[in-house]
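# Architecture at a glance
Here is what each chain is made of, one letter per residue.
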Amino acid sequence: MVHATFPTDLGGPEPESPNCARQSSRWTSLAWLGSCAFLALLWFVVAPVPFLSEDWTQMEHLAGAPTLASALDPAREPLRPLQHAFLWALAHSGVDPTTWLPGAARAVAFLLHLVACLAVWGLARRARLGATGAAVALVLFAVFPNVKMLAWPAAIGSPGRTAFELVALYFLVRRVQAGRARDGWFGLLALAVALGFHETALLLPAILITWVGCIGADNLRAGVRRVLASLRDPFVLAACAIGAAHLVHLLFFRPDRVHGAKDPGALPANFVKAALSLAPEFVREIGVEGFRGHRGTFGFAAAGLVLALVAALAVWSLRRGGVARFAVLAVAIDLGLAVLGAGFVQRYACLASAFVALALAHGVVKAQGVSSRGTLAPRVVLVVGALWLFDAARDAFEIRTAGQAALRLATAALVIEDASPLAIVGVPDMIGAEEDVPFFNWGGVSFLRAHGLRGPVELLRERAFRTNSDQVLVDAARLRALRAAGVDVQRWSQVDASLTTYTP
């Protein structure tokens, strides 16, 4: 048994009266019922979508691994053995990948998200937000538009990492607050699982230290005192050592790792996307499109105003302290790594959305029992939650539309298939309002083969994609040469997902 001595101000759930306990039970039941129902509806919308993009290439790659142990080999890139194990299981399931398998794969992601929801609810109680705050945080996290992450089986590492990183944070916070060794062991185990899903879970110790220094501390000096006290705990130190060792391993012992530092020229665009990733989609659209120069001077000015408002809100939250300060710093830690090491897309905001949900729930709790001036916070949170819910539903239907378009492409290709080699040009890499739903940047030929196409076929592109791709980049001369060589060149129409014979 490991014992540690902590300051008496490290917090924990407040005791409840019998009336409060009954109210807590009602709030919890309603919040969980609504959250589970909404997530079930989202799964129902996206479950029929076929495997797309890297779903195919990753499964084909893991199909070559003879055993589960070989899939778990830490030499595989990227360093996400549990993600590889999941895709290995899909590839070796023996189930036709064009039937119910995609829906089952997505069900695993949604179940992991429910684990994350449970951790958010627990963290809200640890932050002393009470029954109301825990319910609000749970619902906000559930309705945040994370469906782009949950609906892509090849990215199972993200929901896995999010769920177990939040679980690790919950148990390590309990350890710091209550001093029980079993909580520390559970926290370290969850951290190990999170790292197995995704290497960015190495940030958990920094987020834990941020929690300890912000939540419950009256001022900076008290926060520093609490952090120093927590660092005397062997479990907190072990978490820090695990994170540091993982970082050193990635930086110095994996020269062929997938993600390195981004080109400095890409950082401004990444920063804008990350800074606006937690805002409703119409706000993100104003900022991103404005800074891309698509709307002239007025659009650029509007984008600058949106970014300035986000910055002002972050500064205000930092000055407010407590849960709000923790949320800003934890979001900066989490999204900062994505900005520096990957092209930023919306699905990277899932963990950060949990921290923002806690901060918004705290605002609702603070407004309870205050004069009429304090009623603004619940209204703002209600509007934000409604906008997130709308965005999540719209994203789910965008993904469903992508699946339907892909199936229509396969049907059209089967109709025109003959003895001639077939080349299809113009199928995009990403689709959707934000062009971040993976479509045919990878795995297009595998998709067509799985859906019945038997003759020679290749997918071609006439423009550079935002991502890398297995589609061959060609120009008009190359297309004319293919036609002269007897290749049936077909152009894909994004309007109705149909194929028409290519004419120069």
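Please read these numbers as outputs of a predicted model, since none were measured by experiment. (Residues numbered from 1 in each chain as written. Predicted model: local features only at pLDDT ≥ 70, side-chain atom pairs only at ≥ 80, totals over all residues. Heavy atoms only, no water.)

### What about the packing of aromatic side chains?
- A full pass over the atoms with the stated rule returns 13 aromatic pairs.
- Residues Trp 185 and Phe 235 carry aromatic rings whose centres are separated by 5.1 Å and whose planes lie at 85° to one another, so their mutual orientation is edge-to-face. Of this pair, Trp 185 sits in helix 9 (residues 181–197) while Phe 235 sits in helix 12 (residues 234–252); the two residues are 50 residues apart in sequence, bridging distant segments of the chain.
- A relative accessible area of 56% means that Trp 185 is categorised as exposed.
- Phe 235 sits in the buried class, given a relative accessible area of 4%.
- Between Trp 211 and Phe 326, the aromatic rings sit 5.2 Å apart at their centres with planes inclined by 75°, giving edge-to-face as the arrangement. Of the two residues, Trp 211 is situated in helix 10 (residues 204–214) and Phe 326 in helix 16 (residues 322–341); the sequence distance between them amounts to 115 residues. Across the pair, exposure class does not vary: Trp 211 and Phe 326 are buried alike.
- A network of ring pairs unites the aromatic residues Phe 51, Trp 56, Phe 439, Phe 440, Phe 447 and Trp 492 as a single cluster. (Phe/Tyr/Trp six-rings, centres within 6.5 Å; stacked < 30°, edge-to-face > 60°. Helix = DSSP H or I, 4+ residues; strand = E, 2+ residues; numbered from the N terminus. Buried < 20%, exposed > 50% of the residue type's maximum accessible area, 1.4 Å probe, protein only.)

### Comments concerning the confidence of the model for the chain
- Residues at a pLDDT of 70 or more form 91% of the chain, whose mean pLDDT is 88.
- The least confident element of the chain, judged by mean pLDDT, is helix 1 (residues 18–46) at 84; the most confident is helix 5 (residues 101–126) at 97. (pLDDT = per-residue confidence, 0-100.)

### As for the pattern of salt bridges
- Applying the stated criterion to the full structure yields 18 salt bridges.
- Here Arg 80 ties to Glu 199 by a salt bridge, and the two come within 2.8 Å at their closest N and O atoms. With Arg 80 in the loop between helix 3 (68–71) and helix 4 (81–91) and Glu 199 in the loop between helix 9 and helix 10, the pair connects residues that are 119 residues apart, well separated along the chain. You'll find Arg 80 and Glu 199 in the same group, each marked buried.
- Through salt bridges with shared partners, one network takes in Lys 148, Glu 281, Arg 284, Asp 391, Arg 394, Asp 395, Glu 434 and Asp 436. (Salt bridge = Lys/Arg side-chain N within 4 Å of Asp/Glu carboxyl O.)

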